[in-house]
Amino acid sequence: MDSMDLEREKGITIRAKNAAFKYKNYHINIVDTPGHADFGGEVERIMNMIDGVLLVVDSVDGPQAQTRFVLRKALEAGAKPIVVINKIDRDNATPHKVLDAIFDLFVSLHATDEQLDFPVIYASAKGGYAKEQLEHASGTMEPLFDSIIKHIPPPRAQASTGFKLLVANLDYSDYLGRIALGKIVAGKIKAGDPAVCIHGDGRKEPSKVTAIYHFEGMKRIEIAEAHAGDIIGLTGFEEVFIGETITDSIEREPLPFVPIDPPTIQMQFAVNDGPLAGNDGKLVTARHIWERLVKEVRTNVALRIAQTDAPNIFNVSGRGEMQIAILVEQMRREGYEVLVSRPEVIYRKDADGNLLEPIEKLYLEIPKSAMGDVLENLAGRKGEITNMNHHGEEVSIEALIPTRGLIGFETDLVNQTRGLGVMSHLFHEYGPDRGEIAARKNGSLVSMESGEAMAYALNMIQERGRLMVLPGDAIYEGMIVGENARENDIPVNPCKAKKLTNMRSQGDGKGIQLNPPLKLSLERALEYIGPDEYVEATPKNLRLRKKLLDENQRKRAAQNRTIKVVAA
């Protein structure tokens, strides 16, 4: 079901998707949700549509931090769980040990006795088989299908009363406009029927249902009518939003509105105005970038966009830097060029005028050996430990940490735990401002010339810090070519060539050995840059640069901590 290129590359689900299949006269609807907390908005609203969950756990890795996040949402919604232990054909699989860990996880999340009595299916999706006991022989997935029919209750829906649908997801069609996806809680609907959308603010908008879709496999099929319990898509409402109710008459009461967590992080998207602009991409103007952002917001409800006083800069707000980095990566692949600033948190003020900042609940699973380093790092980022559990060589930590403190934390965690640490985080609340958090400790090596990087010059520069470019790369004034070993920025000249003379000793200039450059991924680059820097994202290149390319202008611009406040 992970059909996007980025989902396949990163091995994560980004968008919630619907599918369905027929089995023994049953029509079974499936919704695939992401596990990463940056896409938590996708999970929270899907829980209104479902009656049960398949909790898929790897038989080698066991429950991860994101398993806890998704399972907690499902248990709070009262969904009936079926545990599927997958990849039992792997060499070092330990399904029984994983089952014990899953049971402990259910207990720690305060599951009811009924939820603790969950059925277990052992499966290999790659091998295409599932079984109820490890020693059973099976060559098909039928035990899993039978288990779904046996344990998952039929939809909670009333056929007799008037039509009501709670919108849980959105899609967009260039021909029909916005498609509202959700489960019919009561009644039935036909194409062409009049309908009313009850908005979150209580406004009622009458319209007409122009088309109805349901799912067969991954395909959307148009149907004439749909009944209570079906998961369908409706068109005819341009202004509809997630959490709102579509019903058949103005008199009806709306279903409970489920608000989506507010965006907590903001970045600026700017038109690429560097000397190399337009070399790689075709879509480079402000109009192109704004139209692409508007298109994204039609289906991605956790994003907000706004124009600024500058015509070439737009504000994009979301739940986390990974969510916005995914958008930038998609735009790069579609031929856009864009400058992206460092993530900044969105501040608010309370009734008394005190500054509030977003606080996140952080879940960590780390090895015991790395505990000291990680706790020290959290303390520096103003994190408060709320819970800690030791199990074997692993430690589970729960903490409350400002969203500002999470920027760049994932990279530190990977380094401090040697890649064994797992984290996930959830928006908790807007709390009092925690004060200054120390930013990046190293300055930048900034080019003062434009041209082509020379090995001779880079050899001298690498004594000052770590390089980010290779000989032959195109360089321009104001571009960041490396990381300084100290805190301040240093102007350097990576384009300096060796002067030729009539008489040269044989060994001079030979045998230059450059250290491998620091190559940053897009997410890592967004975390890495400072407040006065941009990531230049083009279809073929990722470059880091200063916002002001001219060194004299940078000296004039005083660097101060600006705080953006959004009206509560």
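Data block above holds the structure.
Only a predicted model underlies this, so the values are computations on that prediction, with no experimental measurement involved. (Residues numbered from 1 in each chain as written. Predicted model: local features only at pLDDT ≥ 70, side-chain atom pairs only at ≥ 80, totals over all residues. Heavy atoms only, no water.)

Caption draft 1: Representation of the overall build of the protein chain within the structure. Scanning the protein chain from terminus to terminus reveals 14 helices and 35 strands. Counting every position in the protein chain, which comprises 568 residues, the buried fraction comes to 49%. Nonlocal contacts in the protein chain, meaning residues at least 24 apart in sequence, comprise 70% of its contacts between residues at least 6 apart. (Helix = DSSP H or I, 4+ residues; strand = E, 2+ residues; numbered from the N terminus. Buried < 20%, exposed > 50% of the residue type's maximum accessible area, 1.4 Å probe, protein only. Contact = heavy atoms within 4.5 Å.)

Caption draft 2: Summary view of the sheet that holds strand β31 (residues 480–484). What the 4 strands build is an open sheet, ordered β29-β31-β27-β32; its pairing is mixed. Each edge of the open sheet carries a strand with a single partner, namely β29 (465–467) and β32 (490–492). With strand direction ignored, the average angle separating the axes of adjacent strands in the sheet is 35 degrees. In this structure, strand β27 (residues 444–447) lies alongside β31, joined through 3 bridges in antiparallel fashion. Considered in β31, the bridge of V446 is made with I480. (Pairing = 2+ DSSP bridges. Axes fitted to C-alpha atoms, helices over the stretch in contact; angles between N-to-C directions.)

Caption draft 3: Here's a closer look at the packing of helix α7 (residues 286–299) against helix α8 (residues 321–333). As a packed pair, α7 and α8 sit with axes 12 Å apart at the nearest point and diverge in direction by 125 degrees. Taken together, the axes of α7 and α8 are oblique relative to one another. Of the two possible hands of crossing, α7 and α8 adopt the one that is right-handed. When α7 is examined against α8, the residues I289, R292, L293 and E296 are found in contact with a partner set consisting of L327, Q330 and M331. Each residue belonging to the contact of α7 with α8 can be placed in one class, and the counts come to 4 nonpolar, 1 polar and 2 charged. (Parallel < 35°, antiparallel > 145°, perpendicular 65-115°, else oblique. Left-handed = near helix turned anticlockwise from the far one by under 90°. Nonpolar A, V, L, I, M, F, W, Y, C, P; charged D, E, K, R; others polar.)

Caption draft 4: Just helix α6 (residues 142–151), in detail. Regarding α6, the residues found buried are P143, L144, S147 and I148. Down the axis of α6, the buried set is contained in an arc of 140 degrees. They therefore lie on one face. On the buried face of α6, the contacting elements are β2 (26–32), β3 (52–58), β4 (80–86), β5 (120–124) and β6 (129–131). (Arc of directions from axis to C-beta.)

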